[in-house]
Amino acid sequence: MEHTRKEKILCAVVEHYNRTGEPIGSKAVLENTDLKVSSATVRAELNSLDQEGYLIQPHTSAGRIPTKKGYRYYIDNLMEDAPVDDRVREFIDRSIRSTSASPDVILKRAASTLSELTDMAAVTTTPSSEDARVHRIRFVSTGRHTAMAVMITSNGLVNSKLFRCEFVLTPELLSLYDRSLNEKFVGVRLSDINRAYLQTAASGMGELTFFISDALMALYEAVSQAMKVSVTVSGGTNLLFQNAYDFKNARDVLKALSDSDRLSTLLNRSVKSKIYLGSESGIKELEHSSVTVARYDIAGQAAGAVAVVGPIRIDYKTVLSRVKFTSIVVSQAIGEILDQ
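Residues numbered from 1 in each chain as written. Predicted model: local features only at pLDDT ≥ 70, side-chain atom pairs only at ≥ 80, totals over all residues. Heavy atoms only, no water.

A. A nonpolar patch on the surface, seen in detail. Together, L240, F241 and L254 make up a nonpolar patch on the protein surface, roughly 320 Å² of accessible area in all. In this fold, L254 is placed in helix α10 (residues 247-257). On the accessibility criterion, L254 (30% relative accessible area) is partly exposed. (Patch = residues over 30% accessible without salt bridge, like charges linked within 9 Å, V, L, I, M, F, W, Y side chains within 5 Å. Areas by Shrake-Rupley, 256 points an atom, 1.4 Å probe, with all protein chains shown as cover. Salt bridge = Lys/Arg side-chain N within 4 Å of Asp/Glu carboxyl O. Helix = DSSP H or I, 4+ residues; strand = E, 2+ residues; numbered from the N terminus. Buried < 20%, exposed > 50% of the residue type's maximum accessible area, 1.4 Å probe, protein only.)

B. Seen up close, the nonpolar core. Among the nonpolar cores identified, the biggest contains 77 residues, and V291, Y316 and V330 are the most heavily contacted of them. Looking at which element gives the most residues to this core, the answer is helix α12 (residues 316-339), with 11 residues. When neighbours within four sequence positions are excluded, Y316 is seen to be in contact with Y71, I75, M79, I275, L277, S290, T292 and P311. Core analysis: the second largest hydrophobic core is formed by 34 residues, F167, I193, A201 and L219 among them. (Core = buried A, V, L, I, M, F, W, Y, C linked by side-chain atoms within 4.5 Å. Contact = heavy atoms within 4.5 Å.)

C. Focus on the confidence of the model for the protein. Of the residues in the protein, 98% reach a pLDDT of 70 or more, and the chain-wide mean stands at 90. Confidence, expressed as mean pLDDT per element, reaches its minimum in the protein at helix α8 (residues 195-203) with 87 and its maximum at strand β3 (residues 121-125) with 96. (pLDDT = per-residue confidence, 0-100.)

D. How the structure looks around the pattern of salt bridges. Here the structure, examined in full by the defined rule, presents 20 salt bridges. Here D192 makes a salt bridge to R189, at a shortest N to O gap of 3.9 Å. In this structure D192 comes out as partly exposed when scored by relative accessible area, which is 37%. Judged by relative accessible area, R189 falls into the partly exposed class, the value being 27%. A salt bridge links E285 to R262, with the nearest nitrogen and oxygen atoms 3.1 Å apart. Here E285 is found in the loop between β8 (273-277) and β9 (289-298), whereas its partner R262 is found in helix α11 (residues 260-267), with 23 residues between them in sequence. E285 gets classed as buried once you look at its relative accessible area, which sits at 14%. With a relative accessible area of 30%, R262 lands in the partly exposed category. Overlapping salt bridges, with partners in common, bring together K255, D259, R262 and E285 in one network.

E. Structural view of the packing of aromatic side chains. Going through the model one piece at a time under the given rule, you end up with seven aromatic pairs. Seen in terms of ring centroids, F167 and F211 are 5.2 Å apart; in terms of plane orientation they differ by 75°. Their pairing is edge-to-face. Placement of the pair is F167 in the loop between β6 (158-164) and α7 (171-185) and F211 in helix α9 (residues 209-226), with a sequence separation of 44 residues. Between F185 and Y197, the ring centres sit 5.8 Å apart and the planes meet at 50°, which makes this aromatic pair tilted. Note that F185 is positioned in helix α7 and Y197 in helix α8, a separation of 12 residues in sequence. (Phe/Tyr/Trp six-rings, centres within 6.5 Å; stacked < 30°, edge-to-face > 60°.)

F. A look at the packing of helix α1 (residues 4-20) against helix α3 (residues 39-51). Running from N to C, α1 and α3 point in directions that differ by 80°, and their axes come no closer than 10 Å. Overall, the two elements α1 and α3 adopt an arrangement that is roughly perpendicular. Contacts between α1 and α3 pair R5, K6, I9, L10 and V13 from the former with T41, V42, E45, L46, S48 and L49 from the latter. In terms of residue class, the contact of α1 with α3 is made up of six nonpolar, two polar and three charged. (Axes fitted to C-alpha atoms, helices over the stretch in contact; angles between N-to-C directions. Parallel < 35°, antiparallel > 145°, perpendicular 65-115°, else oblique. Nonpolar A, V, L, I, M, F, W, Y, C, P; charged D, E, K, R; others polar.)

G. Inspection of the sheet that holds strand β10 (residues 301-311) at higher detail. Pairing in this open sheet of five strands is antiparallel, and the strands run β7-β3-β10-β9-β8 from one edge to the other. Looking at strand neighbours, the two that pair on one side only are β7 (231-234) and β8, the edges of this open sheet. Across the sheet, the mean angle from the axis of one strand to that of its neighbour is 15°, orientation sign disregarded. Direction of pairing for β8 relative to β9: antiparallel, over a ladder of five bridges. Each bridged residue has a counterpart across the sheet, and for S273 the counterpart in β9 is A294. Against the sheet, α12 contacts β8, β9 and β10, and its axis sits at roughly 25° relative to β9. (Pairing = 2+ DSSP bridges.)

Given below as structure tokens:
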């Protein structure tokens with residue numbers, strides 16, 4: 001489709017349909033564009049776009065609405081960037097950074113903020129830990145015989161595990177744990193920390209081995225927990241009130257949102273930002289839905305993702321800009337935790 005006039009007409013149809021949910025005819029197209037042609041010319045172009053699969057006429061006497069193919073062309077070639085309103089920027093930033101928090105809390109806030117702004121479902125994922133390394137280990141006393149092992153990873157995750165010892169965990173002993181385990185594990189890939197690695201590490205600690213075995217097992221469990229991608233979904237019930245969905249569509253989407261493995265695979269495979277339409281997601285239950293995704297960065301590397309899931313007919317310009325801005329705020333907020 002090379003004709004500029006056709007592109008203007010397709011753009012006008014998509015944006016009118018997004019605003020109103022109604023088909024648009026040739027007269028309304030002229031009112032919504034700067035085209036200086038007759039209604040007959042516009043009708044001929046609408047017919048051509050229809051035959052090429054970009055538009056469809058829902059009723060014989062009705063105007064046109066976009067097909068998924070039409071939406072795809074619009075998104076990839078015609079859609080302009082929409083600046084995020086200052087009030088919305090402030091709301092997103094304030095909601096996510098309201099108090100100092102761990103990365104998982106930041107991601108939960110990001111999901112709830114996006115679902116509130118869009119009236120759709122919002123999803124966030126923790127980063128994949130395939131290439132993550134131990135960034136820092138801390139030990140915090142919780143009782144005479146109990147303590148918390150806290151591990152921060154290079155991709156911004158914070159995982160903790162409570163452990164118990166038969167002997168009293170003095171501040172001096174916890175300080176020794178802190179120093180010894182950081183020397184052994186900082187910079188080590190999480191995927192390399194298995195039971196054999198722990199045994200080798202313990203054997204090199206001499207007399208400390210007797211005192212540190214429980215702490216090592218707590219660290220191992222924290223690593224195992226960090227290796228799993230966590231998915232947060234907020235606002236799923238919003239989809240029950242979307243006019244674009246019937247009951248079956250809404251039920252299918254809710255089913256897809258409950259499948260963390262498929263969701264995390266979909267969202268974390270995007271390079272930067274991406275809009276999936278229907279079957280492009282590879283998830284059957286999202287055949288009548290769209291997924292708008294943006295990855296957030298940690299230390300300059302693509303980490304997890306933030307996304308909005310909703311019907312095919314949405315205001316993509318606004319939704320994508322808000323999802324992308326949210327991903328930037330998440331990147332900054334988690335990056336600040338690592339810096340600290």
